[in-house]
Amino acid sequence: MTKIFYMIRKEFLQIFRTREMVAILFIMPVIQMVVLGFAVTNEVKHITLIIADRDNSRLSREIVAAFSNTDRFDITGRETDVREIGLDIHRWKAQAALIIPNHFGRDFRRGLRPDIQMIVDGLDGNAAGVSVGYAGGILREWAEAQARQTPRLAMVKQNTPQLELIERLWYNLDLRSAQYMVPGIIVVLLTIISMLLSALSLVKEREVGTLEQLMVTPLSRFELLMGKLAPFLILAFIEFFVVLGAAQVIFPITMKGSYALLSLEAFLYLFTTIGLGVMISTIAKSQQQALFLSWFFMLFLLMMSGLFIPIANMPQFLQDLTLLNPMRYFMAIIRDVFQKGSGWQYLFTDTWRMTLLGTLIFAVSVLRFRKRVS
Amino acid sequence: MNEIAVQTQNLTRRFGKFTAVDRLTITVSRGEIFGFLGANGAGKTTAIRMLCGLLLPSEGEATVAGFDVYKSSEAIKKNIGYMSQRFSLYDDLTISENIDFFGGVYGLSPALIEERKEALIEQVGLGDFRKRLTRDLPLGFKQRLALGSAMLHDPPIIFLDEPTSGVDPRARREFWSIINELAAAGKTVFVTTHFMDEAEYCHRVSIMRAGKLIALDSPGKLKESYGRNNMQDVFVALVNDEDPRPEEQL
Ligand SMILES: Nc1ncnc2c1ncn2[C@@H]1O[C@H](COP(=O)(O)OP(=O)(O)OP(=O)(O)O)[C@@H](O)[C@H]1O
Ligand SMILES: [Mg+2]
């Protein structure tokens, strides 16, 4: 067993000797997460909006003007009937509706803090969250301008905002985009790093010729592979928490579940990805081929994981195919733990399927790896 | 261990339809420096890999240190040292780290590793360089270091695949003086080379062509029976398929 210790130490020495490796392991994933995270969650323009101005006072017309003066929103219609608004959203004629109630202007001037309602189609969670944010900004700006014009009003309501937005998303009720997307992105990064690096490190030793040297040592196949892979398992694990931590600092997301549970699940998942790395290394003859193969595997894992395309929206045979995708399970698990704080009872099915798949992948890969040259 | 270090009987390896090693039959005894010559692609590396347990033979028998290559390749690995044709140390580790690593995976105790490391560094003359990255060493030093690392566990048999290619003449001499010392200490050295002056140092030389063994004897006898003054001429004659021997000898 001490032989494994020497293998692991050597691997760590090599990893930390190359400065790029440290960057690849810990800095790049954080940057990628930020870029991807904002790319999939932000910058929504030209949201189609229905205006329901039931007040039709000077103030309410000012608000409507504020909404039409921005390229965030395109006003596509005026409609006061809530049922019609719902149908329009359903028919994709509009993504959102702004409802200004009767007597809004009068109540506002009396400092009664009247409600304005914003209805948003939650189907595209990103756009929904962002458009509510924009609407809030526009209304707040308008309210502050009002307060400056009428100092009396500001004085009365010094500590409470004149205008408060109470969000209610229609369909997909509590879908917040970053909360939903960022854990998914973390899974993707974790997968790439652990699979690619373990594959590359094995293929590189074969390419350079040192693997042949290792194969004539009395190291058993198990010791050789464990010694090569344990460092990547450990590093991927640390990286997982670095990225997870950074994500919570950078994005408005909160982890609702248990870290211990998530760690265990991540550990089980990493067996799969590192097993895939070994598999790739037994197929690829060069580092380029290993890169290409990793990319190929990655595309399959990613497209079939439910991150971008909900699995329920896929044709049946593709849905069945996703059952072979380990990322699908971990994606579901991390979202459950992250968003709902689900306990292990609820993750049981996904967990055993993921573990079974991981064990299979790992076993096949290890058996394919021979202590002989081909 | 018995007096026979390596023995093969019709050892054959095919890659698809191509036969890289064709019915090789040799016996190498303990303490012998056994040279393996042959043009590029003759099958030397393939033969050595089979003997080291790295490659399964297609046919034939072979034992190394008394162990069968089919059944006991792991036992063979404990009894041999091997320097592959490509550089076999880690370029991005220091000299000291490389030795620690190989000593460790061969299962030596830390104290023994330390002791052998000092001896090796001393022998190669690398005292001041132990913290240097291996990639920064001149090739001659690298190869001597690689030889030492392959022998940390003190194996009775050592396989060297072109250990001196690309090495300058003086470093080659030093390398061969180590080989001679090893043989004198009872080690069996199995070495391939493209240098005919090195062939002269071997106790016996085998010459391969297209996977087949075409000559096997001491350098003196080979020169005598082919009527040439040096191994260079013997080799060229044999590899070019000239056969100067009288008919009945074939
Ligand atoms: N894994 C392999 N698959 C297919 N052919 C191979 C393989 N390994 C070696 N060969 C072929 O077997 C033949 C013998 O190769 P080998 O490496 O044993 O020659 P060699 O005598 O060591 O040559 P060199 O002096 O160039 O090192 C070559 O033609 C080579 O192309
Ligand atoms: Mg060769």
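The shown structure was predicted, so the numbers you read here are calculated from the model rather than taken from an experiment.

S.K.: Tell me what's going on with the sheet that holds strand 7 (residues 157-161) of chain B, and back it up with residues and numbers.
M.R.: Residues and elements named next belong to chain B. Across the sheet, 6 strands lie side by side as 6-7-8-3-9-10; this open sheet has mixed pairing. For this open sheet the edge positions go to strand 6 (80-83) and strand 10 (212-217), each flanked by a neighbour on one side alone. Across the sheet, the mean angle separating the axes of adjacent strands is 15° when strand polarity is ignored. As defined by bridge partners, strand 6 adjoins strand 7 across 4 bridges and the pair is classed as parallel. Bridge pairing in strand 7 links Met83 to Leu160. Across the sheet, helix 5 (residues 139-150) is in contact with strand 6 and strand 7; its angle to strand 6 comes to roughly 155°. Across the sheet, helix 6 (residues 169-184) is in contact with strand 3 (33-38), strand 6, strand 7 and strand 8 (188-192); its angle to strand 3 comes to roughly 135°.

S.K.: Give me helix 4 (residues 110-124) of chain B: which residues, what numbers.
M.R.: Helix length check: helix 4 of chain B (15 residues) gives 21 Å between terminal C-alpha atoms against 21 Å at 1.5 Å per residue, within 8%. Within helix 4 of chain B, burial applies to Ile113, Lys117, Leu120, Ile121 and Val124 of chain B. The buried residues of helix 4 of chain B occupy an angular sector of 95° when projected down its axis, which confines them to one face. Those residues of helix 4 of chain B that are exposed and aimed more than 90 degrees away from the buried face are Ala111, Glu115 and Glu122 of chain B. Those residues of helix 4 of chain B that are buried are in contact with helix 1 (2-17) of chain A together with helix 3 (95-105) and helix 5 of chain B.

S.K.: Residues and numbers for the domain arrangement of chain A, please.
M.R.: According to the domain assignment, chain A contains domain 1 (2-41 + 174-373) and domain 2 (47-159). For domain 1 of chain A and domain 2 of chain A, the distance between their C-alpha centres works out to 45 Å.

S.K.: Which residues make up the coordination of the magnesium ion (ligand 2), and what values go with them?
M.R.: In this structure, Thr45 of chain B (OG1) and Gln85 of chain B (OE1) serve as the protein donors to the magnesium ion (ligand 2), at separations of 1.8 to 2.3 Å. Here Thr45 of chain B, found in helix 1 (residues 44-51), pairs with Gln85 of chain B, found in the loop between strand 6 and helix 3; they are 40 residues apart in sequence, far enough to count as distant.

S.K.: I'd like to hear about the site of ligand 1, residue by residue, with values.
M.R.: Lining the immediate environment of ligand 1, one finds 15 residues, of which Gly41, Lys44, Thr45, Thr46 and Gln85 of chain B sit closest. Ligand 1 sits at a junction of chains, with neighbouring residues supplied by chains A and B. Between Gly41 of chain B and ligand 1, the recorded distance is 2.8 Å, taken from a backbone N or O atom to an oxygen atom. In the model, an oxygen atom of ligand 1 is placed 2.6 Å from a nitrogen or oxygen of the Thr45 of chain B side chain. For ligand 1, the protein covers 67% of the area, taking 640 Å² as the surface of the free molecule.

S.K.: Explain the packing of aromatic side chains to me, using residue names and the numbers behind them.
M.R.: Tallied over the full model, the rule gives 23 aromatic pairs over all chains. Ring geometry for Phe12 of chain A against Phe16 of chain A: centres 6.1 Å apart, planes inclined by 15°, an arrangement best described as stacked. Here Phe16 of chain A and Phe12 of chain A lie together in helix 1, a separation of 4 residues that amounts to about one turn. Note on Tyr269 of chain A and Phe330 of chain A: the rings are 4.6 Å apart at their centroids and 15° apart in plane angle, and the pair reads as stacked. Here Phe330 of chain A lies in helix 14 (residues 326-340) and Tyr269 of chain A lies in helix 11 (residues 259-283), a separation of 61 residues in the sequence. Take Phe330 of chain A: its relative accessible area is 0%, and that puts it in the buried class. Put simply, the rings of Phe237, Phe240, Phe241, Phe267, Tyr269, Phe271, Phe330 and Phe362 of chain A pair up and form one aromatic cluster. Between Lys10 of chain A and the ring centre of Phe101 of chain B, over which it is positioned, the NZ or CZ distance is 5.5 Å. The residue whose ring lies beneath Arg72 of chain A is Tyr134 of chain A, and the NZ or CZ to ring-centre distance is 4.3 Å.

S.K.: Please give an account of the interface of chain A and chain B that cites residues and values.
M.R.: Counting residues at the interface gives 26 residues for chain A and 34 residues for chain B. Where chain A abuts chain B, roughly 2,700 Å² becomes buried across the two surfaces, and 56% of that area is made up of carbon and sulfur atoms. Contact with chain B buries surface across chain A, with Gln213, Val216 and Arg372 of chain A losing the most and accounting together for 25% of the total. The interface formed by chain A and chain B holds 3 salt bridges in total. Across the pair Arg17 of chain A and Glu97 of chain B runs a salt bridge, and its minimum N-O distance is 2.6 Å. When residues of the side of chain A that touches chain B are traced back to their parent elements, those giving at least two are helix 1, helix 8 (177-208) and helix 9 (210-215) of chain A. Ranked by residues supplied to the side of chain A that touches chain B, first place goes to helix 1 of chain A with 8 residues. Looking at side-chain class alone, the side of chain A that touches chain B contains 10 nonpolar, 5 polar and 11 charged residues.

S.K.: Help me get a handle on the confidence of the model for chain A, residues and values and all.
M.R.: One rule of thumb: low pLDDT means the predicted coordinates there are not for detailed reading. Residues and elements named next belong to chain A. Taken as a whole, chain A shows an average pLDDT of 84; of its residues, 90% reach a score of 70 or greater. Contacts from residues 154-161, a stretch scored under 50 in pLDDT, to residues over four places away or in other chains number 6 contacts. Confidence drops under a pLDDT of 50 for residues 168-175, and excluding neighbours within four residues, the segment shows 21 contacts in the predicted structure.

S.K.: Tell me what's going on with the pairing of strand 8 of chain B, and back it up with residues and numbers.
M.R.: All names here are of chain B. Burial analysis of strand 8 places 5 of its 5 residues in the buried class, the great majority of the element. Residues Thr188, Phe190 and Thr192 point to one face of strand 8 and Val189 and Val191 to the other, with burial holding for every one of them. Bridge analysis of strand 7 against strand 8 gives 5 bridges, and the strand direction is parallel. Opposite Leu160, over in strand 8, you have Val191 as the bridge partner. Crossover handedness for the path strand 7 to helix 6 to strand 8: right-handed.

S.K.: Can you lay out the packing of helix 10 (residues 221-250) of chain A against helix 15 (residues 344-368) of chain A for me, pointing to particular residues and giving the numbers?
M.R.: All names here are of chain A. Taken N-terminus to C-terminus, the directions of helix 10 and helix 15 make an angle of 120°; their axes are 11 Å apart at the nearest point. Taken together, the axes of helix 10 and helix 15 are oblique relative to one another. Once helix 10 is placed against helix 15, the crossing between them reads as right-handed. Facing helix 10, whose interface residues are Arg221, Leu225, Met226 and Leu229, helix 15 presents Phe362, Val366 and Leu367.

S.K.: Account for the confidence of the model for chain B, with residues named and values stated.
M.R.: Residue and element names in this part refer to chain B. On average, residues of chain B score 90 in pLDDT, and 95% of them reach the 70 mark or higher. Below pLDDT 50 for its whole length, residues 246-250 participates in 2 contacts with residues either more than four positions away or in separate chains. Interface scoring of the predicted complex returns ipTM 0.89; its pTM is 0.77.

S.K.: Outline the sheet that holds strand 4 (residues 59-64) of chain B, listing residues and values.
M.R.: Residues and elements named next belong to chain B. Read from one edge to the other, the open sheet built from 4 strands follows the order 2-1-4-5, with strand pairing classed as antiparallel. Sheet topology places strand 2 (18-29) and strand 5 (67-68) at the edges, where each strand pairs with a single neighbour. In the sheet, strand 1 (residues 4-15) pairs with strand 2 via 8 bridges, with the strands oriented antiparallel. Note on strand 2: the bridge partner recorded for Thr8 is Ile26. Helix 1 rests against strand 1, strand 2 and strand 4 of the sheet, and its axis sits at about 120° to strand 1.

Rules used throughout
Residues numbered from 1 in each chain as written. Chains lettered and ligands numbered in written order. Predicted model: local features only at pLDDT ≥ 70, side-chain atom pairs only at ≥ 80, totals over all residues. Heavy atoms only, no water. Pairing = 2+ DSSP bridges. Helix = DSSP H or I, 4+ residues; strand = E, 2+ residues; numbered from the N terminus. Axes fitted to C-alpha atoms, helices over the stretch in contact; angles between N-to-C directions. Contact = heavy atoms within 4.5 Å. Expected span 1.5 Å × (residues − 1). Buried < 20%, exposed > 50% of the residue type's maximum accessible area, 1.4 Å probe, protein only. Arc of directions from axis to C-beta. Domains from an automatic or database assignment. Donors = N, O, S within 2.8 Å, 3.2 Å for Na, K, Ca; no water. Near = heavy atom within 4 Å. Polar contact = N/O pair within 3.5 Å; in protein donor to acceptor, adjacent residues only side chain to side chain. Areas by Shrake-Rupley, 256 points an atom, 1.4 Å probe, with all protein chains shown as cover. Phe/Tyr/Trp six-rings, centres within 6.5 Å; stacked < 30°, edge-to-face > 60°. Lys NZ or Arg CZ within 6 Å of the ring centre and 35° of its normal. Buried area = accessible area lost by both parts, 1.4 Å probe. Salt bridge = Lys/Arg side-chain N within 4 Å of Asp/Glu carboxyl O. Nonpolar A, V, L, I, M, F, W, Y, C, P; charged D, E, K, R; others polar. pLDDT = per-residue confidence, 0-100. Right-handed = clockwise from strand over helix to strand, strands pointing away. Parallel < 35°, antiparallel > 145°, perpendicular 65-115°, else oblique. Left-handed = near helix turned anticlockwise from the far one by under 90°.

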